[in-house]
Amino acid sequence: VNLNPGADPEDMVSLRLWVEGGRIFSVRHRRLMAVNDLREDLAAGRGPRGPDEFLARLADRLIDRMGPVIADLDDEIDALEDRAIAEAEAELRAELWEIRRVAIELRRYIAPQRDAMTRLTTERVPWIDAQAGQRLREVADRITRYVEDLDAARERAAIIQDELTTRLAEAMNRNMYVLSIIAAIFLPLSLLTGLLGINVGGIPGVEWEWAFWSVTFGIVAIGILGYVLLRRMRWV
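Residues numbered from 1 in each chain as written. Predicted model: local features only at pLDDT ≥ 70, side-chain atom pairs only at ≥ 80, totals over all residues. Heavy atoms only, no water.

Trainee: It is not clear to me how the layout of surface pockets should be interpreted in this structure. Could you clarify?
Mentor: Where empty space is left becomes clear once a probe the size of a water molecule has been rolled over the atoms. Within this model, the largest pocket holds a volume of roughly 950 Å³. Lining the largest pocket are 33 residues, with S14, L15, R16, L62 and Q113 positioned closest to its centre. Elements with a contribution of two residues or more to the lining of the largest pocket: β1 (15-19), α1 (33-43), α2 (51-86) and α3 (90-122). A class-by-class count of the residues in the lining of the largest pocket yields 22 nonpolar, four polar and seven charged. What the second largest pocket holds in volume is close to 270 Å³. Lining the second largest pocket we find 15 residues, and of these I24, S26, L38, L42 and F54 sit closest to its centre. When its residues are assigned to classes, the lining of the second largest pocket shows 11 nonpolar, two polar and two charged. (1 Å grid on protein atoms, 1.4 Å probe; cavity = no way out; pocket = protein on both sides within 12 Å on 5 of 7 lines; lining within 4 Å. Points joined across faces, edges and corners; volume = space filled by probe spheres on them. Helix = DSSP H or I, 4+ residues; strand = E, 2+ residues; numbered from the N terminus. Nonpolar A, V, L, I, M, F, W, Y, C, P; charged D, E, K, R; others polar.)

Trainee: Just checking my understanding: could you explain the side chain of D74 for this structure?
Mentor: Following the sequence through the fold, D74 ends up in helix α2. Filtering out sequence-adjacent residues up to four positions away, D74 remains in contact with D149, A153 and R156. (Contact = heavy atoms within 4.5 Å.)

Trainee: Hey, could you run me through the pairing of strand β2 (residues 24-28) in this one?
Mentor: In regular strands, side chains alternate between the two faces of the sheet. Note that β1 and β2 share five bridges and pair antiparallel. Bridge pairing links R16 to V27 in β2. Hairpin connection, β1 to β2: the antiparallel pair is bridged by four residues. (Pairing = 2+ DSSP bridges.)

Trainee: Looking at this structure, how should I read the environment of L150?
Mentor: Along the polypeptide, L150 turns up in helix α4 (residues 130-196). In this structure L150 comes out as buried when scored by relative accessible area, which is 1%. In sequence terms L150 and A184 are 34 residues apart; their C-alpha atoms lie 50 Å from each other. Leaving out residues up to four positions away in the same chain, L150 has contacts with I70, L73, A103, L106, R107 and I110. (Buried < 20%, exposed > 50% of the residue type's maximum accessible area, 1.4 Å probe, protein only.)

Okay, here's the thing in structure tokens:
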């Protein structure tokens, strides 16, 4: 993972190695802290004694720095799960999308590293002794666990996102249901008021002083009747 200042951890640093029995070639474009650790060990006289120990130490240092990044990702998902229970904000979906993106990018590079380590421990390599092979197997097991953690994080984020989507859909359906009920009650009232509001001759009650209150009472009665009918039909 990329732990350089100002860099994103998922912006992985590529390290290419050619290892033989008596020499090692390594190539990289950006600074890698695990390589710097080995360089400091060599300068202090505590360096690896052979290519196998060098490879085991390098893989172990790489995995050590990978663990906290994945642990922080799990902590972020835990926090989002707690927030999703209490609220259903739209911004949570953006945060979940970002977590899923990071998990996918990390897994895209870590899974091949797991396969490489597994293959390195299963094949017979002359310059890898039993002790270094055991350390490499431990590294391979840790990488496998991290890949499984990334898969679990991605699935948990997807479950939270589905829950948020379901809750938002339910809220929208509830609002549409309320609007439909209101429209069903006021639709006949709007028809009646629209008929009485046209500017043509022959409208009944124009000369009657109680016509307005009669119409108002009739509109209220029709509204109550419509509500009672909706209640009996169990639409409300």
